[in-house]
Amino acid sequence: MYLHGTSRINEQGHLEIGGCDTVKLAEQFGTPLYMVDEAHIRNRMRQFVTAFQKTGLAFQVAYASKAFSTLAMNRIVEEEGLLLDVVSDGELYTALQAGFPPDRIYFHGNNKTLSELEMALEVGVGLFVVDNFTELSLLDRLATTRGSKARILLRTTPGVEAHTHDYIQTGQEDSKFGFDYLSGQVFQAAQLALSSSGLELLGFHCHIGSQIFETEGFSLAIGKMADLCKECQNSLGFQTKVLNVGGGFGIRYNDRDQPLPVAKYVEAIERGVRIGFHGMDIPEIWVEPGRSIVGEAGTTLYTVGTMKEVPGVRKYISVDGGMNDNPRPALYQANYEAMLANRGAEPVAETVSVAGKLCESGDMLIWDVSLPQVKNGDLLAVSCTGAYNYSMANNYNRVRRPAVVFLREGVADLIVRRESLADLLQNDQLPERLKRKEVSVTDKDAVLETEG
Ligand SMILES: *Cc1c(COP(=O)(O)O)cnc(C)c1O
């Protein structure tokens with residue numbers, strides 16, 4: 001397993017993260033446990049900021065909170081001076097409860113509900129990334145009624161879709177997100193926004209994909225957006241103030257993944273912008289990374305339970321979590337690496353497959369991972385689980401969601417407690433007619449007598 005950030009094998013042969021021995025963490029907090037390397041998160045945020053500072057461009061780095069959102073995480077985002085991107089009232093509420101300044105939050109999403117828009121206007125969210133014509137007119141009406149102006153970007157689909165190692169240029173831009181270029185919708189939306197009393201158009205947004213390992217897609221998308229900005233300047237007299245080029249920067253889950261250093265993505269964005277806006281004023285450039293901020297910082301710790309050998313085929317080891325705490329292997333065939341956290345210095349001795357404990361054949365965390373001879377009670381650490389794990393976790397099989405700890409300089413802070421059995425029932429309601437009838441002692445005796 002590749003050791004990211006502050007992860008290392010200590011003198012006892014144990015996996016250590018943020019100066020904390022993970023074997024001790026298992027004793028203290030139990031397993032499964034999401035362990036987060038706080039220094040690594042801050043370091044990644046600073047890499048984006050530093051890289052942009054070097055470009056000399058005006059910029060903002062936003063954190064896409066859907067990757068991992070908790071009170072403590074939101075505090076770190078604010079401390080590091082980033083903007084925050086939310087896509088639901090729940091993410092907004094979490095940020096507000098963390099004391100995140102509303103004017104540094106912006107609201108994304110293709111179907112923001114009426115109540116979400118009203119809530120966001122009420123608390124003074126800084127900006128909306130408007131996704132479609134329905135939202136455009138609704139937001140205009142709501143802001144006008146309040147006598148205010150909502151600051152907006154328009155989400156655009158430039159017809160560039162980036163995947164891991166390549167990109168596709170799609171002609172018809174078939175996506176549920178954003179205004180498309182080909183049919184002229186995006187230009188039309190800009191025209192509408194500029195003539196709306198309740199809206200203040202600041203610029204444009206695009207997000208071309210996720211886990212991207214090359215820069216070509218960003219360059220192409222920025223080129224298309226720059227053309228749009230030029231058109232808007234020439235025919236609408238609108239000067240773009242903000243250009244948000246999205247997130248999607250890749251991370252290393254395993255050795256097949258070869259992400260670029262953050263600085264390389266930023267340099268490519270700068271090049272694209274300088275070429276695209278040649279002869280024009282360059283707008284403020286925004287990025288909104290999620291995975292590349294928190295992904296590598298997370299490691300999940302499990303206890304190995306049962307084992308099963310299918311002779312001549314494979315050996316399964318089962319852990320005390322699975323697709324409820326990490327749905328990504330089942331959803332996306334995501335590949336993870338792992339090690340035995342309690343025997344980190346021992347040489348590998350066998351290849352096993354790691355199964356979760358949930359009732360689905362598809363509940364497999366890793367197919368084929370090389371480990372020392374695995375024993376019942378060993379601690380298995382799965383790396384790179386910081387993004388889209390806790391945020392996608394669920395209670396399938398009424399399995400409780402794990403605790404989350406932030407690890408830093410030898411101190412482990414509990415930032416989300418493990419769910420209790422009672423938590424699982426907190427929303428359950430029992431209608432009167434289904435309530436268990438109190439059976440009196442005499443009745444019970446009567447039943448026994450007749451049966452007897
Ligand atoms: C998901 C998403 C992001 C973050 O993507 P990562 O791959 O986690 O960096 C940014 N912007 C938008 C609009 C998104 O949907």
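Analysis parameters
Residues numbered from 1 in each chain as written. Predicted model: local features only at pLDDT ≥ 70, side-chain atom pairs only at ≥ 80, totals over all residues. Heavy atoms only, no water. UniProt positions renumbered as here; feature names shortened; annotations may be inferred. Pairing = 2+ DSSP bridges. Helix = DSSP H or I, 4+ residues; strand = E, 2+ residues; numbered from the N terminus. Salt bridge = Lys/Arg side-chain N within 4 Å of Asp/Glu carboxyl O. Buried < 20%, exposed > 50% of the residue type's maximum accessible area, 1.4 Å probe, protein only. Arc of directions from axis to C-beta. Contact = heavy atoms within 4.5 Å. Near = heavy atom within 4 Å. Polar contact = N/O pair within 3.5 Å; in protein donor to acceptor, adjacent residues only side chain to side chain. Areas by Shrake-Rupley, 256 points an atom, 1.4 Å probe, with all protein chains shown as cover. Nonpolar A, V, L, I, M, F, W, Y, C, P; charged D, E, K, R; others polar.

Per an unreviewed UniProt entry, the chain goes by Diaminopimelate decarboxylase and derives from Marininema mesophilum. What UniProt records for the chain under Subunit (unreviewed entry) is the sentence "Homodimer." Per UniProt, the chain has the following entry under Sequence similarities (unreviewed entry): "Belongs to the Orn/Lys/Arg decarboxylase class-II family. LysA subfamily."

### Details of the sheet that holds strand 1 (residues 8–9)
Spatially, the three strands line up as an open sheet ordered 1-2-3, and their pairing is antiparallel. Each edge of the open sheet carries a strand with a single partner, namely strand 1 and strand 3 (20–21). Strand direction decides the pairing type here: strand 1 and strand 2 (residues 15–17), joined by two bridges, are antiparallel. From the neighbouring strand, R8 faces strand 2, where its bridge partner is E16.

### Let's talk about the pattern of salt bridges
Tallied over the entire structure, the rule returns 21 salt bridges. With a closest N to O distance of 2.9 Å, R8 and E16 form a salt bridge. Here R42 and E80 are joined by a salt bridge, their closest N and O atoms 2.7 Å apart. Note that R42 is positioned in helix 2 (residues 38–55) and E80 in the loop between helix 3 (71–79) and strand 6 (83–86), a separation of 38 residues in sequence.

### Section: helix 7 (residues 185–194)
For the α-helix, the turn length of 3.6 residues means that residues three or four positions removed from each other point alike. All of the buried residues along helix 7 are V186, F187, A189, A190 and A193. For helix 7, the arc enclosing every buried residue in end-on projection is 160°, short of the 170-degree limit, so these residues lie on one face. Close packing links the buried residues of helix 7 with helix 6 (133–146), strand 9 (150–157), strand 12 (179–180), strand 13 (199–205) and helix 8 (216–236).

### Examining the site of the ligand
Surveying the vicinity of the ligand reveals 14 residues, the closest of which are K66, S210, E288, R291 and Y388. Between the ligand and S210, the relevant distance is 2.4 Å, taken from an oxygen atom to a side-chain nitrogen or oxygen of the residue. One of the side-chain nitrogen or oxygen atoms of Y388 is found 2.6 Å away from an oxygen atom of the ligand. For the ligand, the accessible surface in isolation is 380 Å², of which the surrounding protein chains cover 92%. Here the residues of the shell around the ligand sort into three nonpolar, seven polar and four charged.

### A look at the environment of A268
Structurally, A268 is set in helix 9 (residues 262–276). It is 10.0 Å that separates the C-alpha atoms of A268 and G217, two residues lying 51 residues apart in sequence. For A268, the residues in contact, after removing those within four places along its chain, are T215 and S219.

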